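Breakdown of the fold
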Amino acid sequence: MGIKTALPAAELGLYSLVLSGALAYAGRGLLEASQDGAHRKAFRESVRPGWEYIGRKMDVADFEWVMWFTSFRNVIIFALSGHVLFAKLCTMVAPKLRSWMYAVYGALAVMGTMGPWYLLLLLGHCVGLYVASLLGQPWLCLGLGLASLASFKMDPLISWQSGFVTGTFDLQEVLFHGGSSFTVLRCTSFALESCAHPDRHYSLADLLKYNFYLPFFFFGPIMTFDRFHAQVSQVEPVRREGELWHIRAQAGLSVVAIMAVDIFFHFFYILTIPSDLKFANRLPDSALAGLAYSNLVYDWVKAAVLFGVVNTVACLDHLDPPQPPKCITALYVFAETHFDRGINDWLCKLWEWVSPQEREWCEKRRDGDGRDSACKSSAWKEKEPAERTGKSSWRGRRRIKVMCHPGSQGKTIQAWWGQLGQMPLSLKEAGDRGLVLVTWRFSAFHGQGRSRYVYNHIGGEHSAVIPELAATVATFAITTLWLGPCDIVYLWSFLNCFGLNFELWMQKLAEWGPLARIEASLSVQMSRRVRALFGAMNFWAIIMYNLVSLNSLKFTELVARRLLLTGFPQTTLSILFVTYCGVQLVKERERTLALEEEQKQDKEKPE
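The text that follows walks through the structure, step by step, so that each part is easy to find. (Residues numbered from 1 in each chain as written. Predicted model: local features only at pLDDT ≥ 70, side-chain atom pairs only at ≥ 80, totals over all residues. Heavy atoms only, no water.)

1. Section: the overall build of the protein
Each helix and strand in the protein was counted, giving 24 helices and six strands. The buried share among the 607 residues of the protein stands at 50%. Pairs at least 24 residues apart make up 73% of the contacts formed inside the protein by residues separated by at least 6 positions. When the accessible surface of the protein is summed, it comes to about 28900 Å², and 64% of that surface belongs to carbon and sulfur atoms. (Helix = DSSP H or I, 4+ residues; strand = E, 2+ residues; numbered from the N terminus. Buried < 20%, exposed > 50% of the residue type's maximum accessible area, 1.4 Å probe, protein only. Contact = heavy atoms within 4.5 Å. Areas by Shrake-Rupley, 256 points an atom, 1.4 Å probe, with all protein chains shown as cover.)

Put into structure tokens, the structure is as follows:
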């Protein structure tokens with residue numbers, strides 16, 4: 001089934017009507033439940049007086065959100081405003097020194113917030129990974145990076161290192177873990193980039209400029225070192241047409257989102273209700289399903305607001321930061337559940353296992369728009385995925401990703417099997433051995449990783465069941481370390497690892513002869529409907545598997561029991577149909593975007 005398959009407008013209109021009505025009905029149930037529980041004793045700690053002119057209490061169960069926009073609001077505004085002011089002055093007076101200004105200002109801000117000993121601790125980790133990078137061994141840098149990360153996740157080292165923080169305050173633990181973990185990721189990115197490009201002779205000063213860029217320091221997102229270094233080193237950066245308008249719109253959207261969330265919390269106590277299981281058990285099935293869904297949507301909104309604020313500052317600094325995460329509403333495939341696109345970019349970083357001559361061969365063929373002109377030659381043929389005919393649309397060819405230059409950002413080059421003979425010999429041999437890609441990919445809520453340093457190296461093309469299983473197990477073992485080993489993380493990793501593998505098993509089953517012939521006999525519209533039905537079931541698997549870590553295991557058990565057991569078949573089928581309608585609307589949006597992208601590419605093609 002091709003992505004360009006369209007459904008009748010009347011059918012899509014029906015899906016929109018059903019989905020809107022279901023969301024309104026579930027929202028009404030949540031609103032009534034919030035009104036009834038506002039004065040419950042169990043809600044007393046997390047439901048407190050809010051905006052006086054609204055006249056309602058407010059859900060304050062998320063202490064991070066509350067701290068950001070109450071006690072720490074002025075500190076955040078002051079720190080980021082100072083950064084923007086000094087960056088602008090430095091750009092006007094001494095543009096060659098602006099990267100130094102970022103590092104000095106960021107280091108002073110970290111020292112003022114966390115204390116000088118914490119700053120020295122991070123400098124120690126930076127120096128350690130810098131020394132490792134001088135040896136030019138990628139796996140040594142990766143191993144040391146993982147060891148440094150483990151030291152911030154496991155006792156007794158975590159307790160010892162947390163003692164370097166000066167004083168105590170509400171967000172101390174959050175800032176400690178955020179600043180430390182992201183520092184390790186940034187230093188590892190620097191070390192691996194140094195190993196990949198020894199001819200560029202990156203210095204310790206380059207690492208410090210990269211690591212202590214304040215907007216990204218505590219909460220990300222991550223920009224890989226090569227991208228950050230290339231952008232921040234521009235002496236006279238030039239803004240694209242309409243970029244300032246886009247920055248203002250992004251800042252305004254972040255402010256509107258913050259206000260909307262605060263207003264929402266005055267009417268819907270979606271974070272407090274799950275903590276009282278007796279009260280949650282009295283909710284109607286539709287309201288309970290809406291409560292589970294809204295918990296994941298809020299987590300996305302929280303991340304989008306955080307990244308939106310820091311990305312606005314980064315854009316003012318002439319950087320091109322990673323975009324906010326993809327909304328949970330648009331996710332019905334485990335492989336696309338990116339929580340943090342910055343970490344995803346970091347883990348997806350493409351490292352060629354090729355000789356310097358071949359890297360130079362690629363770089364010499366770059367054109368002005370950042371794409372590799374070699375990709376347009378007869379040696380590389382870029383093709384659209386074939387329409388599905390009952391077999392895998394990728395059958396008969398190889399998908400290869402090559403990073404030829406920091407600015408290319410991992411453009412995908414899809415080469416037909418028959419064209420591989422025209423590639424440089426050693427690239428072809430490396431591809432035959434599955435060694436072209438050595439990357440990681442980060443995919444899921446709060447750190448579900450698909451490590452391609454491990455994931456692609458073990459899983460190959462991810463079409464064989466056993467190698468894929470080994471790759472995902474190794475990847476989620478590293479993900480567990482990133483999140484911090486504990487029982488709930490073990491369960492979360494197991495469930496998401498199973499979901500990722502189960503998708504492959506179902507794909508293999510669909511490619512099995514009898515089932516493939518059945519699908520091939522269907523019309524493309526009917527094939528899209530069948531796949532959307534499976535996407536709806538997958539959507540709720542994603543919600544349930546991630547609700548475990550976002551809320552609690554007991555609340556997840558309650559939702560699963562009510563929707564699948566006591567509510568079967570009426571509730572189960574009703575929610576499945578509503579979700580099916582939503583998946584079809586998401587697919588239609590994807591189809592529209594694909595057509596727009598195709599039209600844009602057609603216009604850009606030379607006559």
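Right, picking up where we left off after that structure.
2. A closer look at helix 19 (residues 465-483)
Between its first and last C-alpha, helix 19 extends 26 Å over 19 residues, near the 27 Å set by a 1.5 Å rise per residue. All buried positions along helix 19 are accounted for by Glu-468, Ala-471, Thr-472, Thr-475, Phe-476, Ile-478, Thr-479, Thr-480, Leu-481 and Trp-482. Immediately beyond the C-terminal end of helix 19, within one or two residues, lies Gly-484, with a positive phi of roughly 105°. (Expected span 1.5 Å × (residues − 1).)

3. Focus: the packing of aromatic side chains
Taken as a whole, this structure holds 31 aromatic pairs when the rule is applied. Here Phe-264 and Phe-268 contribute two aromatic rings whose centre-to-centre distance is 4.7 Å and whose plane-to-plane angle is 20°, an arrangement assigned as stacked. Accessibility expressed as a relative area gives 18% for Phe-268, which makes it buried. Judged by centre distance (6.3 Å) and plane angle (20°), the ring pair of Phe-577 and Tyr-580 falls under stacked. Taken together, the positions of Phe-577 and Tyr-580, both in helix 24 (residues 570-604) and three residues apart, correspond to about one turn of that helix. (Phe/Tyr/Trp six-rings, centres within 6.5 Å; stacked < 30°, edge-to-face > 60°.)

4. So, the environment of Phe-539
As for its placement among the helices and strands, Phe-539 is situated in helix 22 (residues 524-550). Taking the C-alpha atoms as reference points, Phe-539 and Thr-329, separated by 210 residues in sequence, lie 8.6 Å from one another. In this view, Phe-539 contacts Tyr-293, Ile-328, Thr-329, Leu-331, Tyr-332 and Thr-579; residues no more than four positions away in its chain are not counted.

5. Let's talk about unusual backbone geometry
Note that the residue after Asp-155, namely Pro-156, is joined by a cis bond; omega there is 5°. Of note, Pro-156 is situated in the loop between helix 6 (138-151) and helix 7 (157-162). Between Phe-568 and Pro-569 the backbone carries a cis peptide bond, its omega angle lying at 5°. With respect to the helices and strands, the residue Pro-569 is situated in the loop between helix 23 (553-566) and helix 24. For His-201, which is not a glycine, the phi torsion comes out positive at approximately 50°. Note that His-201 resides in the loop between helix 8 (172-196) and helix 9 (204-211). Take His-201: its relative accessible area is 66%, and that puts it in the exposed class. One non-glycine residue with positive phi stands out, namely His-318, at about 65°. Assignment of secondary structure puts His-318 in the loop between helix 14 (285-316) and helix 15 (341-347).

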